[in-house]
Amino acid sequence: MSENTSTVSIGDLVTAKPGRSRVFEKFGVDYCCRGNQTLEAACTADGKDLDAILAALAEFDTSNESSDEPDCGAMSLVELVDHLEATHHQYLKEELGPLTELVEKVFRVHGRNFEWIGDLRRSFRDLVMELGPHLEKEENVLFPMIRELERSASKPSFHCGSVENPITVMEMEHDSAGLVLAAMRKLTSDYTPPAEACNSFRAMMERLEALEYDLHRHIHKENSILHPKAKALEASL
């Protein structure tokens, strides 16, 4: 690792090399909602093995392993919001309905045998209820403001005063979603299906974990890249 972990945030480490998100996922390091922390501070706070994580990052950096993630740090603001809508927003719109049906099916069949599935169902439903309005606010309020900022020569007059105001709300909602995701991971013992789980049960666990990973990357791109760049641009106009 060439970066000094005492001064570089976890979010910046992922922005520089998006594939590092896999390493942080493996070790349970929050690079999205708490991406402004340094790795050293995060490990100290959570009791994680800093040396082991640094070794894994160094191994990844020298492996030449390719990432399917685009370089979001190099995108313009308009390119980035277009990317977020076309990938992460679209994924959620397509996945949440069918996944809700699957969670309900597993709860009906297995809820009596595994009491924790009821808690998982409630947490998942809370997450879905949060995500719908959240996406609408981004697409109808924040993202149009950001697009206007990038095409303006002077600071636009926004109905909410500053782009910082909706960003603050979005990041609070990101924190809330992060807590629900953490609760779901704990309830499922890191998305480990019981030995006797049927195919639907296993599919539910796989898709919930995939949802978590997509939301982590989604939130990282907004908290660590989009929001800071938008606030800096507004301040410069």
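Residues numbered from 1 in each chain as written. Predicted model: local features only at pLDDT ≥ 70, side-chain atom pairs only at ≥ 80, totals over all residues. Heavy atoms only, no water.

Engineer: Describe the environment of Arg-121, and please don't skip the residues or the numbers.
Structural biologist: Looking at where Arg-121 falls in the secondary structure, it is placed in helix α6 (residues 116-151). Residue classification places Arg-121 among the buried positions, given a relative accessible area of 18%. Spatially, the C-alpha atoms of Arg-121 and Gly-111 are 9.5 Å apart, while their sequence positions differ by ten residues. A distance of 2.9 Å separates the side chain of Arg-121 from the side chain of Glu-104, its partner in a polar contact. (Helix = DSSP H or I, 4+ residues; strand = E, 2+ residues; numbered from the N terminus. Buried < 20%, exposed > 50% of the residue type's maximum accessible area, 1.4 Å probe, protein only. Polar contact = N/O pair within 3.5 Å; in protein donor to acceptor, adjacent residues only side chain to side chain.)

Engineer: Quick rundown of the packing of aromatic side chains? Include the residues and the values.
Structural biologist: Inspection of every chain in the model, using the stated rule, returns four aromatic pairs. By way of ring pairs, the aromatic residues Phe-114, Trp-116 and Phe-201 are connected into one cluster. The ring of Phe-107 is capped by Arg-121, whose NZ or CZ atom sits 4.3 Å from the centre of that ring. When the ring centre of Tyr-213 is taken as reference, the NZ or CZ atom of Arg-217 above it lies at 4.4 Å. (Phe/Tyr/Trp six-rings, centres within 6.5 Å; stacked < 30°, edge-to-face > 60°. Lys NZ or Arg CZ within 6 Å of the ring centre and 35° of its normal.)

Engineer: Could you give me a rundown of the pattern of salt bridges, with the residues and numbers involved?
Structural biologist: Counted according to the given criterion, the structure contains 16 salt bridges. Arg-121 serves as the salt-bridge partner of Glu-104, at 2.9 Å between the closest nitrogen and oxygen. Of the two residues, Glu-104 sits in helix α5 (residues 77-110) while Arg-121 sits in helix α6, which places them 17 residues apart along the sequence. Note on Glu-104: relative accessible area 17%, which makes it buried. Taken together, the shared-partner salt bridges connect Glu-69, Asp-214, Arg-217 and Lys-221 into one network. (Salt bridge = Lys/Arg side-chain N within 4 Å of Asp/Glu carboxyl O.)

Engineer: For the nonpolar core, give the residues involved together with the corresponding values.
Structural biologist: Counting residues in hydrophobic clusters, the biggest one holds 25 residues, and the most contacted among them are Leu-127, Met-184, Phe-201, Met-204, Leu-208 and Leu-211. For this core, the secondary structure elements donating two or more residues are α5, α6, α7 (164-187) and α8 (199-236). With 18 residues, the next largest nonpolar core counts Met-75, Leu-80, Val-81 and Phe-158 among its residues. (Core = buried A, V, L, I, M, F, W, Y, C linked by side-chain atoms within 4.5 Å.)

Engineer: Quick one: what's the story with the packing of helix α2 (residues 20-27) against α8, residue by residue and with numbers?
Structural biologist: At a minimum axis distance of 12 Å, the contact between α2 and α8 shows a crossing angle of 125 degrees. In terms of orientation, α2 and α8 fall into the oblique class. The two elements α2 and α8 meet at a crossing, and its hand is right-handed. Note on element contacts: α8 touches α2 through Glu-212, Tyr-213 and His-216, opposite Ser-21, Arg-22 and Glu-25. A per-class count over the contact of α2 with α8 returns one nonpolar, two polar and three charged. (Axes fitted to C-alpha atoms, helices over the stretch in contact; angles between N-to-C directions. Parallel < 35°, antiparallel > 145°, perpendicular 65-115°, else oblique. Left-handed = near helix turned anticlockwise from the far one by under 90°. Contact = heavy atoms within 4.5 Å. Nonpolar A, V, L, I, M, F, W, Y, C, P; charged D, E, K, R; others polar.)

Engineer: Could you give an account of helix α4 (residues 50-63), with specific residues and numbers?
Structural biologist: Every α-helix carries 3.6 residues per turn, so stepping three or four residues along brings you back to the same face. In this model, α4 (14 residues) spans 20 Å end to end at C-alpha, consistent with the 20 Å of a helix rising 1.5 Å per residue. Taken together, the buried positions of α4 are occupied by Leu-50, Ile-53, Ala-56, Leu-57, Phe-60 and Asp-61. For α4, the angular spread of buried residues about the axis comes to 135 degrees, placing them on one side. Of the exposed residues in α4, those oriented more than 90 degrees away from the buried face are Asp-51, Glu-59 and Thr-62. Among the structural elements, α2 and α3 (39-46) are those in contact with the buried residues of α4. Two to three positions downstream of the cap, the backbone nitrogen of Asp-51 sits 3.1 Å from a side-chain oxygen, assigning the N-cap of α4 to Asp-49. (Expected span 1.5 Å × (residues − 1). Arc of directions from axis to C-beta.)

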